[in-house]
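# Structural description and commentary
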Amino acid sequence: QLQLVESGGGLVQPGGSLRLSCAASGFTLDLDYVAIGWFRQAPGKEREGVSCISGSGSSTNYADSVKGRFTISRDNAKNTMYLQMNSLKPEDTAVYYCAADVMATCRTATAISPWEYTYWGQGTQVTVSS
């Protein structure tokens, strides 16, 4: 089965930057067929979509709250996906998850739904101090 492991989280001051990584393994299909989503969940709140990228990397999407600050990318040759987070705010504090699914779509100006993704990592904590 497809396995995902996030890394790169930590404690950062407002205005700082972090880069999250998501390493994929255990798959039989080429990653070109697999869409990737980044999600986050803060205490007491529901899980929300942050960004997504299509299997080939040709299409990306971002939540309005992070557009212009976060950048999603992938390197299929290295079996790794990334989320670059700049200008971090206290409200960005959450556990961040990467997720994958062959059937998931990633269209511009479309909501990024966790229900479209089957495979999930364990998450990495991002804390932005106030």
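This text follows the structure it describes.
So, here's what we can say about the structure. Bear in mind the structure is a predicted one, so any value in this text is a computation, not a measurement.

## Notes on the environment of Trp-120
- Within the secondary structure, Trp-120 is located in strand E10 (residues 119-120).
- Taking the C-alpha atoms as reference points, Trp-120 and Ala-77, 43 residues apart in sequence, are found 20 Å from one another.
- The contacts of Trp-120, once residues within four sequence positions are left out, are Leu-4, Phe-39, Arg-47, Tyr-97, Cys-98, Ala-99 and Pro-114.
- In this structure the side chain of Trp-120 is engaged in a polar contact, spanning 3.1 Å, whose partner is the backbone oxygen of Tyr-117.

## Considerations on the side chain of Ser-54
- Looking at where Ser-54 falls in the secondary structure, it is placed in the loop between strand E5 (48-53) and strand E6 (60-62).
- With relative accessibility at 13%, the residue Ser-54 sits in the buried group.
- Not counting chain neighbours up to four residues away, the residues in contact with Ser-54 comprise Val-34, Ala-35, Ser-59, Arg-74 and Cys-106.

## Brief notes about a nonpolar patch on the surface
- Taken together, the side chains of Leu-29, Tyr-33, Val-102 and Met-103 make up a nonpolar region of the molecular surface, amounting to roughly 470 Å² of accessible area.
- As for its position among the elements, Leu-29 is in the loop between strand E3 (18-25) and strand E4 (35-41).
- Given the relative accessible area of 45%, Leu-29 is considered partly exposed.

## What to know about the sheet that holds strand E1 (residues 3-7)
- If you walk across this open sheet you meet the four strands as E1-E3-E8-E7, and the pairing is antiparallel. On the outer flanks of this sheet lie E1 and strand E7 (70-75), each paired with one strand and no other. For this sheet, the mean inter-axis angle between neighbouring strands, taken without regard to orientation, is 15 degrees.
- With six bridges connecting them, E3 and strand E8 (residues 80-85) associate as antiparallel partners. Paired with Cys-22 across the bridge in E8 is Met-81.

## Thoughts on the pairing of E8
- The buried count for E8 comes to five of six residues, which makes it a mostly enclosed element.
- As paired strands, E7 and E8 are joined by six bridges and run antiparallel to one another. By the bridge assignment, Phe-70 is partnered in E8 with Met-85.
- Counting the residues between successive antiparallel strands, the hairpin from E7 to E8 contains four residues, one of them, Asn-79, with a positive phi of roughly 55 degrees.

Criteria and thresholds
- Residues numbered from 1 in each chain as written.
- Predicted model: local features only at pLDDT ≥ 70, side-chain atom pairs only at ≥ 80, totals over all residues.
- Heavy atoms only, no water.
- Helix = DSSP H or I, 4+ residues; strand = E, 2+ residues; numbered from the N terminus.
- Contact = heavy atoms within 4.5 Å.
- Polar contact = N/O pair within 3.5 Å; in protein donor to acceptor, adjacent residues only side chain to side chain.
- Buried < 20%, exposed > 50% of the residue type's maximum accessible area, 1.4 Å probe, protein only.
- Patch = residues over 30% accessible without salt bridge, like charges linked within 9 Å, V, L, I, M, F, W, Y side chains within 5 Å.
- Areas by Shrake-Rupley, 256 points an atom, 1.4 Å probe, with all protein chains shown as cover.
- Salt bridge = Lys/Arg side-chain N within 4 Å of Asp/Glu carboxyl O.
- Pairing = 2+ DSSP bridges.
- Axes fitted to C-alpha atoms, helices over the stretch in contact; angles between N-to-C directions.

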